[in-house]
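Survey of secondary and tertiary structure
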Amino acid sequence: MAPPDSAPALIRAHGIGVRRGDRWLVRQVDVAVRRGEIVTLIGPNGSGKSTTAKALVGIVQPDEGRVERAASLRLGYVPQRIQIDPTLPMTVRRLMRLTGPYPEHEIDIVLEQVGIAHLKTAPVHGLSGGEFQRALLARALIRKPDLMVLDEPVQGVDFAGEIALYELIGDIRDRLDCGVLLISHDLHIVMAATDTVVCLNGHVCCHGPPSSVAESPEYRALFGSDAAHALAVYRHHHDHAHLPDGRVVSLAPGQAEDRGAG
Amino acid sequence: MLDDFFARALIAGAGVALMAGPLGCFIIWRRMAYFGDTMAHSALLGVALALLLEVDLIVGVFSVAATISIALMFLQRQGMLSTDSLLGILAHSTLALGLVIVSLMAWVRVDLLGYLFGDILAVSRTDLIAIYVGGAVVLAALAVIWRSLLTATVNGEIAQAEGLHPERSRLIFMLLMATIIAISMKIVGILLITSLLIIPAATARRFAASPEQMAVLASVLGVVAVLLGLVGSLKLDTPSGPSIVVAALVLFLLSLLRLPGRQRSGVAS
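Computed from a predicted structure; not experimentally measured. (Residues numbered from 1 in each chain as written. Chains lettered and ligands numbered in written order. Predicted model: local features only at pLDDT ≥ 70, side-chain atom pairs only at ≥ 80, totals over all residues.)

Our next topic: the overall build of chain B. When helices and strands are tallied, chain B shows eleven helices and zero strands. Going from the N terminus to the C terminus, chain B shows its helices and strands as α-α-α-α-α-α-α-α-α-α-α. Against the 2.2 N^0.38 benchmark of 18 Å for 269 residues, chain B shows a C-alpha radius of gyration of 19 Å, consistent with a compact globule. When the backbone C-alpha atoms are referred to their principal axes, chain B occupies close to 70 × 50 × 30 Å. Counting every position in chain B, which comprises 269 residues, the buried fraction comes to 50%. Long-range contacts, defined here as pairs at least 24 residues apart, represent 72% of the contacts in chain B between residues at least 6 apart. (Helix = DSSP H or I, 4+ residues; strand = E, 2+ residues; numbered from the N terminus. Rg over C-alpha atoms; globule rule 2.2 N^0.38 Å. Buried ≥ 20, exposed ≤ 12 C-beta atoms within 10 Å, placed from the backbone. Contact = placed C-beta atoms within 7 Å.)

Counting residues at the interface gives 24 residues for chain A and 24 residues for chain B. In terms of residue class, the side of chain A that touches chain B is built from 15 nonpolar, seven polar and two charged. (Nonpolar A, V, L, I, M, F, W, Y, C, P; charged D, E, K, R; others polar.)

Moving on, we come to the sheet that holds strand E6 (residues 147-151) of chain A. All names here are of chain A. As summarised here, the arrangement of the six strands in space is E5-E6-E7-E3-E8-E9, forming an open sheet in which the pairing is mixed. Edge positions in the sheet fall to strand E5 (75-78) and strand E9 (204-208), since each of these pairs with one other strand and no more. Each strand axis lies, on average, 15° off the axis of its neighbour in the sheet, ignoring direction. Sheet analysis places strand E3 (residues 38-42) next to strand E7 (residues 179-184), joined by five bridges and oriented parallel. Residue Ile42 lies in a different strand from E7, and its bridge partner there is Ser184. Docked against the sheet, helix H4 (residues 129-141) engages E5 and E6, running at close to 170° with respect to E5. (Pairing = 2+ DSSP bridges. Axes fitted to C-alpha atoms, helices over the stretch in contact; angles between N-to-C directions.)

Across a sheet, paired strands are connected by hydrogen bonds in the backbone, their directions being either parallel or antiparallel. Residue and element names in this part refer to chain A. The strand order E2-E1-E4 describes an open sheet built from three strands, whose pairing is antiparallel. Of all strands in the sheet, those with a lone pairing partner are strand E2 (23-34) and strand E4 (64-69), marking the two edges. Strand after strand, the sheet turns through a mean of 15° between neighbouring axes, direction not considered. Note: strand E1 (residues 9-20) against E2, eight bridges, orientation antiparallel. Each bridged residue has a counterpart across the sheet, and for Ile11 the counterpart in E2 is Val33. Contacting E1, E2 and E4, helix H1 (residues 49-57) crosses the sheet at an angle of about 60° to E2.

Let's shift gears to the confidence of the model for chain A. Residues and elements named next belong to chain A. For chain A, per-residue confidence averages 82 on the pLDDT scale, and residues scoring 70 or more make up 81% of the total. Predicted confidence in chain A is weakest over helix H9 (residues 253-261), with a mean pLDDT of 42, and strongest over helix H2 (residues 92-96), with 96. Contacts for the low-pLDDT stretch residues 232-239, under 50 throughout, to residues beyond four places or in other chains number 14 contacts. Ignoring residues within four places in sequence, the model shows residues 252-262, a span with pLDDT below 50, making 15 contacts including any to other chains. (pLDDT = per-residue confidence, 0-100.)

The subject of this paragraph is the pairing of E6(A). All names here are of chain A. Taking burial as the measure, the five residues of E6 include five buried ones, the bulk of the element. Judged by which residues are buried, E6 turns out to be covered on both faces: Leu147, Val149 and Asp151 on one side and Met148 and Leu150 on the other are all buried. Strand direction decides the pairing type here: E5 and E6, joined by four bridges, are parallel. Paired with Tyr77 across the strands is Val149, a residue of E6. Of the pairings in the sheet, the one linking E6 to E7 comprises five bridges and is parallel in character. Each residue of the ladder has a partner; that of Asp151, found in E7, is Ile183.

Residues and elements named next belong to chain B. Closest axis-to-axis distance for the helix H1 (residues 5-29)/helix H8 (residues 166-188) pair is 10 Å, and the angle between their directions is 150°. Taken together, H1 and H8 sit at an angle that is classed as roughly antiparallel. Remark: the crossing between H1 and H8 carries left-handed chirality. In contact with Ala12, Gly13, Val16, Met19, Ala20, Leu23 and Phe26 of H1, H8 contributes Phe173, Leu176, Met177, Ile180, Ser184 and Ile187. Here the contact of H1 with H8 is built from residues that sort into eleven nonpolar, two polar and no charged. (Parallel < 35°, antiparallel > 145°, perpendicular 65-115°, else oblique. Left-handed = near helix turned anticlockwise from the far one by under 90°.)

All names here are of chain B. Counted at 1.5 Å a residue, the expected span for helix H3 (residues 57-78) with its 22 residues is 32 Å, and the 32 Å between its end C-alpha atoms agrees. Taken residue by residue, H3 has Leu57, Ile58, Gly60, Val61, Phe62, Val64, Ala65, Ala66, Ile68 and Ser69 as its buried positions. Where H3 terminates, the next one or two residues include Gly79, which has phi positive at roughly 70°. (Expected span 1.5 Å × (residues − 1).)

Here we take up H1(A). All names here are of chain A. Among the nine residues in H1, nine count as buried, and that is most of the element. Among the residues making up H1, those that are buried are Lys49, Ser50, Thr51, Thr52, Ala53, Lys54, Ala55, Leu56 and Val57. Within two residues after H1, Gly58 carries a phi angle of roughly 95°, on the positive side.

Turning to unusual backbone geometry, a few remarks are in order. Excluding glycine, residues mostly carry a negative phi; peptide bonds, for their part, are mostly trans. One non-glycine residue with positive phi stands out, namely A:Asp177, at about 50°. Position of A:Asp177 among the secondary structure elements: in the loop between helix H5 (159-176) and E7. Residue B:Arg31 is not a glycine yet carries a positive backbone phi of 55°. On the neighbour-count criterion, B:Arg31 (11 C-beta atoms within 10 Å) is exposed.

The next subject is the environment of B:Ser63. Along the chain, B:Ser63 turns up in helix H3. Counting along the chain gives 45 residues from B:Ser63 to B:Val108, while the straight-line C-alpha distance between them is 21 Å.

Here we take up the environment of B:Ile187. Residues and elements named next belong to chain B. Tracing the backbone shows Ile187 in helix H8. For Ile187, a count of 29 C-beta atoms within 10 Å puts it in the buried group. The sequence separation of Ile187 and Gly241 amounts to 54 residues, and the corresponding C-alpha distance is 6.2 Å. Among residues more than four places away in sequence, those in contact with Ile187 are Ala12, Gly13, Val16, Gly118, Val123 and Ser240.

Residue and element names in this part refer to chain B. At a minimum axis distance of 7 Å, the contact between H1 and helix H10 (residues 211-236) shows a crossing angle of 150°. It follows that H1 is roughly antiparallel to H10 by the angle criterion. Helix-helix and strand crossings are classified by hand; for H1 and H10 the assignment is right-handed. Looking at the contact of H1 with H10, its residues break down into 20 nonpolar, five polar and no charged.

Dropping the structure here:
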């Protein structure tokens, strides 16, 4: 469940804005992520989702406003669509140790958690889109972050893999009790896998729990009437789960409902 | 033995190759070959200015190469011209400027070919000290920034977001490049320094399963190339720099041959 609003934020943006030349990519954005909370930034292409997230984690310096971080916040960042140069030899195991000398058994644990334990010694260049996303997720996970930030984590992943990946993110939140900031332009699944939705279009259009955002007129204006069915679509598909190897398992109705409600 | 010019050249060349290995790997991984070339070409301007101002050559070359690399980082951020156009402008104009200034200084005799293509006869004991002290500093600094630079090479955003200060590492890396160019100029020559950085690293790629293996292997292959090149240079009376590069090229070509019984590490299903 989402933490109460009064809980202290791990990271909080106060009216941040980022400018490119004369154009503001985003302005006046307030976002906060608390421990144990999954916050999703949604919005159409060019709405400034990525920019907002990058300003939050310090990749981009905001031109206005400020970002407050909890002291000694440990961050795990999963970037959008990256390519490792083929001249750089890198196995999945080595990728896990990118930012620190993590022991072998911790590598085994995180790879097991994301379901790619069998790929430990494989070169990253041979991984499929979904496998590589999971490897990047494991790499962030091994840091035992207070806050995970994932920029479009399901890109290049098929629909079944998408649900599995969002479930995995929910599991990680439960296990690490970390905050999660997701960036997504796809509504159908992400809406229900989230505690708080922040809908962006150059500024914050609306925010709140997914059910109230889905019904807000600003949200419908931005995404069209189809978007209102986003939650329904998710629930409909959510009577089974997909294992990393492609097998499908049934979930008890109660279990599915629990997860859907986040 | 250090009185023997050939022994000095060998020891000097090996020292240069040892530090060129890991630096060269980063040049390949970060696709900076032309960047390295530009810095190396600016070395001639460094030589010219050092002669003009009567300062040590290594100091002159280091200062100019470092200035050029920092100017480039700045110009890239302006985004007025594409990086390869900027590099094209800087690489050749600094080389030309160096040649012009050297030719205007009628009062100094400059062995231009020695600077451009290397001259083993010119390696002094002081140069040896410069190479090994400088080389130790370069490798130590690289070890310190290794994790940050490697993370930034995989993805700059991860490095920035997770607090690894990639900009600082990148700046230090530029200074290390300037250092290696300054201290290896006499061995391989300005025009060929980048090949000593790149070719052994490219050769090492096929045999390495991790970045660290590739770096060490590149150093070893570089030392072998220096050894073969200098022996060839002595036997055939060819200039040292080109001979070393030809030796490195031969090793690279050999590495392209099919290796018996070795496969790319496969993915267990």
